[in-house]
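# Structural features, examined
Chain residues, written in single-letter form:
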Amino acid sequence: MSVLTVDLHRPPHTPDAPSRPWADGSGTLPAHHTPAPAATVPKELVHRHNPAEVLLSGWERRSEDSFGLTARWPAHHPFFADVNGCHDPMLAAETIRQAGSLLLHAEYEVPFGHHFVMRNLSLSTWEGALAVQTLPGVIELDVTCHDVKRRGKAVLSMYYEAVLRRDGQAVGHGGASVSCVTPAAYRRLRAPQLDGAGPQPPMTAPVAPHDVGRRSPADVVLSPTGERGRWLLRTDTSHPVLFEHPVDHVPGMMLLEAARQATIATLGHTAPPSELTGEFSRYAELHRPCLIEARRLPGPGDQASVLVTGEQDGEDIFRSVITLPRAED
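Residues numbered from 1 in each chain as written. Predicted model: local features only at pLDDT ≥ 70, side-chain atom pairs only at ≥ 80, totals over all residues. Heavy atoms only, no water.

### Considering the pattern of salt bridges
Enumeration over the complete set of coordinates arrives at 16 salt bridges. Among the salt bridges present, the one from Glu257 reaches Arg214, with a minimum N-O distance of 3.2 Å. In this pair, Glu257 is assigned in helix α3 (residues 252-267) and Arg214 in the loop between α2 (183-194) and β10 (222-224), connecting sequence segments 43 residues apart. Using a relative accessible area of 1% as the deciding quantity, one classes Glu257 as buried. Taking relative accessible area as the criterion, Arg214 reaches 10% and is therefore assigned buried. Between Arg282 and Glu315 there is a salt bridge, with the nearest N and O atoms lying 2.9 Å from each other. With Arg282 in the loop between β12 (275-280) and β13 (291-297) and Glu315 in strand β15 (residues 315-325), this residue pair connects regions lying 33 residues apart in the sequence. (Salt bridge = Lys/Arg side-chain N within 4 Å of Asp/Glu carboxyl O. Helix = DSSP H or I, 4+ residues; strand = E, 2+ residues; numbered from the N terminus. Buried < 20%, exposed > 50% of the residue type's maximum accessible area, 1.4 Å probe, protein only.)

Take a look at the structure:
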């Protein structure tokens with residue numbers, strides 16, 4: 001499993017705007033927060049510390065469990081770099097992640113300080129639909145929440161799906177399942193793994209960046225093992241995007257990036273993923289080696305899929321299937 005967590009503070013109050021109380025009684029935000037095009041939503045709502053990593057710019061409620069959101073994708077991102085002239089689909093995956101966090105806090109009134117556990121995430125994109133343009137890409141999301149489980153008024157979990165559009169045209173579809181954990185429950189859950197965990201081991205050397213679709217060794221998250229189709233997860237807790245704020249485990253987005261890099265290494269070519277899925281079964285601990293394995297799957301002639309799994313201390317951590325268009329001859 002992957003926990004999306006950060007120390008959160010009260011969001012700024014917007015004077016003279018219609019507002020709703022937060023679940024913990026601290027602070028207010030506009031009921032339908034739609035800022036100017038250059039603005040983004042408060043970073044606390046999407047569990048980011050760096051405002052530059054906030055992708056969402058506004059939202060509105062359309063019905064009880066249906067919402068419209070807007071996002072702005074930079075033409076050039078320092079980590080989610082363009083792939084063959086297209087926006088990195090991992091940017092769409094991060095947008096979907098942020099959408100769930102925003103809605104749980106802003107519309108389902110989950111208090112700040114709670115932890116969000118991402119159980120799974122999926123994404124499909126349409127080939128050629130994510131071409132990078134000169135200006136930042138404005139993305140509209142139609143988000144519907146399903147299976148919202150509550151204990152009293154408190155939300156325990158939900159599944160949500162999103163359709164991503166640009167200029168009115170659908171460019172992708174995805175969804176995620178998220179559980180909400182109170183601070184006290186999280187401490188009980190994590191204490192056995194964190195007490196006496198010891199220091200993080202030295203960071204291992206990266207594989208060659210070009211083998212995994214990267215330009216810089218700093219962005220490589222795999223280390224060689226000497227065995228074909230097997231790598232060690234390379235965990236750099238100083239990475240400005242993957243570890244944008246301190247956490248006590250490996251983030252889910254890093255595991256998906258590891259799956260994408262393992263897929264590229266397995267197939268031998270770089271292309272934007274057309275489909276990806278991630279299922280997270282356990283926390284990936286920072287202080288233990290994590291083995292990444294990849295195996296090519298059978299599939300149609302114009303697509304190539306790879307199953308990627310993560311294992312730590314003999315236990316499954318996550319599994320992911322990533323599909324790329326086949327390389328042109």
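Next comes the rest of the write-up.
### Examining the environment of Ser320
You can see Ser320 is positioned in strand β15. Its relative accessible area of 1% is what places Ser320 among the buried residues. As for Ser320 and Gly310, which are separated by ten residues in sequence, their C-alpha atoms are 8.9 Å apart. Looking at Ser320, its side chain comes within polar contact range of the main-chain oxygen of Thr277, at 2.6 Å. (Polar contact = N/O pair within 3.5 Å; in protein donor to acceptor, adjacent residues only side chain to side chain.)

### What to know about the side chain of Arg97
Within the secondary structure, Arg97 is located in helix α1 (residues 89-106). Judged by relative accessible area, Arg97 falls into the buried class, the value being 3%. In this structure the side chain of Arg97 is engaged in a polar contact, spanning 2.9 Å, whose partner is the backbone oxygen of Val46.

### Here's the deal with the nonpolar core
A general tendency of soluble globular proteins is for nonpolar side chains to be buried together. Counting 82 residues, the largest nonpolar core has Leu69, Leu102, Leu104, Leu141, Leu164, Leu222 and Ile292 as the members making the most contacts within it. Broken down by element, this core gets its largest block of residues, ten residues, from α1. (Core = buried A, V, L, I, M, F, W, Y, C linked by side-chain atoms within 4.5 Å.)

### Details of the side chain of Thr235
Secondary-structure assignment places Thr235 in the loop between β11 (230-233) and α3. Thr235 sits in the buried class, given a relative accessible area of 13%. Leaving out residues up to four positions away in the same chain, Thr235 has contacts with Gln200, Met203, Phe243, Val250, Met254 and Leu286. (Contact = heavy atoms within 4.5 Å.)

### What about unusual backbone geometry?
For His47, which is not glycine, the phi torsion reads 60° and is therefore positive. Positionally, His47 belongs in the loop between β3 (28-30) and β4 (56-63). With a relative accessible area of 1%, His47 lands in the buried category. A positive phi is found at Asp147, a non-glycine position, where the angle reads about 50°. You can call Asp147 exposed: its relative accessible area is 55%.

Geometric descriptors of this kind do not, in isolation, establish any biological role.
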